[in-house]
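Report on the structure
If you want the building blocks of each chain, they are given just below.
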Amino acid sequence: MRRLSILGSTGSIGKQTLEVVRKAPGDFTVESLTCGSDIDTIFDQIKEFRPKVCSVVNESKAMELSSRLKDEGIEIEVLTGEEGNITCATLGSCDTVVGAIVGFAGLVPVYHAVLSGKDIALANKETLVAGGDVIMPLIREKGVAMLPIDSEHSAIWQCLKGEKREDLDRILITASGGPFRSMTRSQLENVTLQDALHHPTWNMGGKITIDSATMMNKGLEIIEAHHLYGIDCDKIDVVVHPQSIIHSMIRLKDGSVLAQMGKPSMVLPIEVALYYPDRGPSIVTEFDPFDAAMNNLTFEPCDTEVFRLVKLAYEAGRKGGLVPTVMNAANESAVMAYLAGSINFLGIEETVFETVEKMESSISRLDLTIDNICQTDKDARIYADELLKGKIK
Ligand code: NAD
Ligand code: MG
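Bear in mind that the values here come from a model prediction, so they are computed numbers and not experimental data.

1. Quick word on the packing of aromatic side chains
The geometry of two aromatic rings is summed up by the distance between their centres and the angle between their planes. The tally for this structure, following the rule as stated, stands at four aromatic pairs. Ring geometry for Trp157 versus Tyr276: centroids 4.8 Å apart, planes at 35°, classification tilted. Of this pair, Trp157 sits in helix H7 (residues 151–160) while Tyr276 sits in the loop between helix H12 (267–275) and strand E12 (300–301), and the two are 119 residues apart along the sequence. Accessibility expressed as a relative area gives 11% for Trp157, which makes it buried. Ring centres 5.7 Å apart and planes at 70° place the aromatic pair Tyr338 and Phe345 in the edge-to-face group. Both residues of the pair, Tyr338 and Phe345, belong to the buried class. Through a chain of ring-to-ring contacts, three or more aromatic side chains come together here, namely Phe180, Tyr338 and Phe345. For the cation-ring pair, Arg68 lies above Phe43, with the distance from its terminal atom to the ring centre recorded as 5.6 Å. Over the aromatic face of Trp157 sits the side chain of Lys161, whose NZ or CZ is 5.5 Å from the ring centroid.

What follows is the structure, encoded as structure tokens:
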């Protein structure tokens, strides 16, 4: 039985994690739940799963939730702020923390969870992009498990089971290509926010949906795979596979290629992580090789001259240090501005490139510590926000 603290329980991954718990309540307990501000959703989740503690980052929303729960006669401690996330992530009664917060905000709670010896089921890729050089050595030092939830990384993890790490030659990470696959640069100039939010195969939170449209999501995932599997970014190839059936492949040194397949759903990778090293019950619709979706599985290269953030992510991953931290922070600022309707689509990419270029030399002298990672994230956001002011439509 796993005793879970779910950080970011009201989001797309958080809700699907609770779906896994709901299907097999005897296999899990829910010790704590946290969110940013969506108290309607967390209220219902608390009523159903009865955690001991919960936390809402927004203080006035936390107070409102607390009084609603009292009115309902539910006894539970309601925490707030970033401290609340850390308390939930390090709770004595929990053994596994599900990292389902979006963005850099997920890093510090996960860092504290590892420090206090929790296994980590991680969806929040920004944690590894910004802080992988600190998190992964700590995972090894503490002897805790890193259980990947991101579908591509779950696929790679499953393919690697039973293989010797030194036999891994390359990773072929698949990408749907997003809503703008096969567009030209000039077509990208005219896309709307509504187009960008319409993902062809996956239904996800707003930030990752925009990252999929710019393909920065794949850039982040290359760096995530580099940290998880200790492989150079240059040994990771992006394979655009619009049907999202093959979730990634590995090539071994003898030329064998292994793939993991399934319909696009995050429930399965969440389940694989939470039941590790066992296999859980079947809760997704059975895989049917004769399904129409299987008739035409296609593969194409990623055009990094059109989706330039993929190229930047390779460069940032190669350089390492705090460069990926800056890239991630600038991307978060720019995506927020884009979601707010303040800038156009290519403004995201411009902001990220300009911020990385500006900050690269100043960060090169800094040691890779959690404090420097947090400070660099802040500095990069300040710089990116200044740039964004100049780009407002
Ligand atoms: P989402 O926007 O749907 O949900 C984000 C959750 O984080 C919400 O519960 C929100 O309240 C919470 N949150 C935001 N800031 C917070 C903070 N400071 N403290 C506590 N909670 C906070 O996002 P999502 O799509 O579920 O994605 C979550 C993470 O998982 C992202 O890093 C994303 O890249 C990754 N991921 C998502 C999917 C997917 O299918 N949705 C797939 C793979 C990886
Ligand atoms: Mg993914």
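On we go.
2. Comments concerning the coordination of the magnesium ion (ligand 2)
Coordination of the magnesium ion (ligand 2) by the protein comes from Asp150 (OD), Glu152 (OE) and Glu221 (OE), over a distance range of 2.1 to 2.2 Å. In terms of primary sequence, the donors binding the magnesium ion (ligand 2) are separated according to D-x1-E-x68-E. Remark: Glu221 occurs in helix H11 (residues 216–229) and Glu152 occurs in helix H7; sequence separation between them is 69 residues. Judged by relative accessible area, Glu152 falls into the buried class, the value being 9%.

3. Brief notes about the state of the cysteines
In a disulfide, the sulfur atoms of two cysteines are held together by a covalent bond. What the rule picks out here adds up to zero disulfides. With no disulfide of its own, Cys54 lies 7.1 Å from the sulfur of Cys88, the closest cysteine sulfur.

4. Overview of unusual backbone geometry
Omega for the bond connecting Tyr276 with Pro277 falls within 30 degrees of zero, at 5°, which places this linkage in the cis form. Inspection of the secondary structure puts Pro277 in the loop between H12 and E12. In this structure, Ser182 takes a positive phi of about 65° despite not being glycine. A relative accessible area of 62% places Ser182 in the exposed class. Positive phi, normally seen in glycine, also occurs at Ser244, with a value near 50°.

5. Some details on the side chain of Thr10
Among the secondary structure elements, Thr10 is positioned in the loop between strand E1 (2–7) and helix H1 (12–23). Taking the relative accessible area as the measure of exposure, Thr10 reaches 13% and is therefore buried. Contacts of Thr10, omitting those with residues within four sequence positions, involve Lys15, Thr34, Cys35, Asp38, Thr41, Ile42 and Gln45.

6. Re the domain arrangement of the protein
As far as domains go, the protein holds domain 1 (2–148), domain 2 (151–262 + 273–317) and domain 3 (321–393). A straight line from the C-alpha centre of domain 1 to that of domain 2 covers 26 Å. Listed as interface residues are 22 residues of domain 1 and, on the opposing side, 21 residues of domain 2. Together, Lys125, Val129 and Pro148 form the three largest contributors to the area buried by domain 1 at its contact with domain 2, with a combined 34%. Taken together, the connections running from domain 1 to domain 2 amount to two salt bridges. Linking Glu221 and Lys125 is a salt bridge whose minimum nitrogen-to-oxygen distance equals 2.8 Å. When contributions to the side of domain 1 that touches domain 2 are tallied by element, the ones reaching two or more residues are E1, H1, helix H6 (125–142) and strand E7 (146–148).

7. Description of the sheet that holds E7
The strand order across the open sheet formed by seven strands is E4-E3-E2-E1-E5-E6-E7, and the pairing between neighbours is parallel. Strand pairing shows two members of the sheet lacking a second neighbour, strand E4 (77–80) and E7, which therefore form its edges. Recorded for the sheet is a direction-independent mean angle of 20° between the axes of neighbouring strands. Two strands pair when backbone bridges link them, and strand E2 (residues 28–35) and strand E3 (residues 53–56) are joined in this way by four bridges, in the parallel orientation. Following the sheet pairing, Thr34 is matched in E3 by Ser55. Sheet contacts for helix H5 (residues 107–115): E1, strand E5 (96–99) and strand E6 (119–122); angle to E6, the most-contacted strand, approximately 150°.

8. Details of the site of ligand 1
The full set close to ligand 1 counts 25 residues, and Thr10, Gly36, Asn85, Glu126 and Gly205 are the nearest of them. Here an oxygen atom of ligand 1 and a backbone polar atom of Ala123 are 3.5 Å apart. In this structure, Gly205 approaches ligand 1 through a main-chain N or O atom, which is 2.9 Å from an oxygen atom. Here ligand 1, which alone exposes 830 Å², has 88% of that area covered by the protein. Elements that contribute at least two residues to the shell around ligand 1 include exactly H1, E2, helix H4 (81–89) and H6. Here the shell around ligand 1 spans two domains, and each of domain 1 (2–148) and domain 2 (151–262 + 273–317) adds at least three residues to it.

9. Considerations on the nonpolar core
Grouped burial of nonpolar side chains is what soluble globular proteins tend to show. Within the largest apolar cluster, 126 residues are counted, with the highest numbers of intra-cluster contacts made by Met327 and Phe345. By residue number, the principal contributor to this core is helix H14 (residues 323–339), which donates nine residues.

About the cut-offs
Residues numbered from 1 in each chain as written. Chains lettered and ligands numbered in written order. Predicted model: local features only at pLDDT ≥ 70, side-chain atom pairs only at ≥ 80, totals over all residues. Heavy atoms only, no water. Phe/Tyr/Trp six-rings, centres within 6.5 Å; stacked < 30°, edge-to-face > 60°. Helix = DSSP H or I, 4+ residues; strand = E, 2+ residues; numbered from the N terminus. Buried < 20%, exposed > 50% of the residue type's maximum accessible area, 1.4 Å probe, protein only. Lys NZ or Arg CZ within 6 Å of the ring centre and 35° of its normal. Donors = N, O, S within 2.8 Å, 3.2 Å for Na, K, Ca; no water. Disulfide = S-S within 2.5 Å. Contact = heavy atoms within 4.5 Å. Domains from an automatic or database assignment. Buried area = accessible area lost by both parts, 1.4 Å probe. Salt bridge = Lys/Arg side-chain N within 4 Å of Asp/Glu carboxyl O. Pairing = 2+ DSSP bridges. Axes fitted to C-alpha atoms, helices over the stretch in contact; angles between N-to-C directions. Near = heavy atom within 4 Å. Polar contact = N/O pair within 3.5 Å; in protein donor to acceptor, adjacent residues only side chain to side chain. Areas by Shrake-Rupley, 256 points an atom, 1.4 Å probe, with all protein chains shown as cover. Core = buried A, V, L, I, M, F, W, Y, C linked by side-chain atoms within 4.5 Å.

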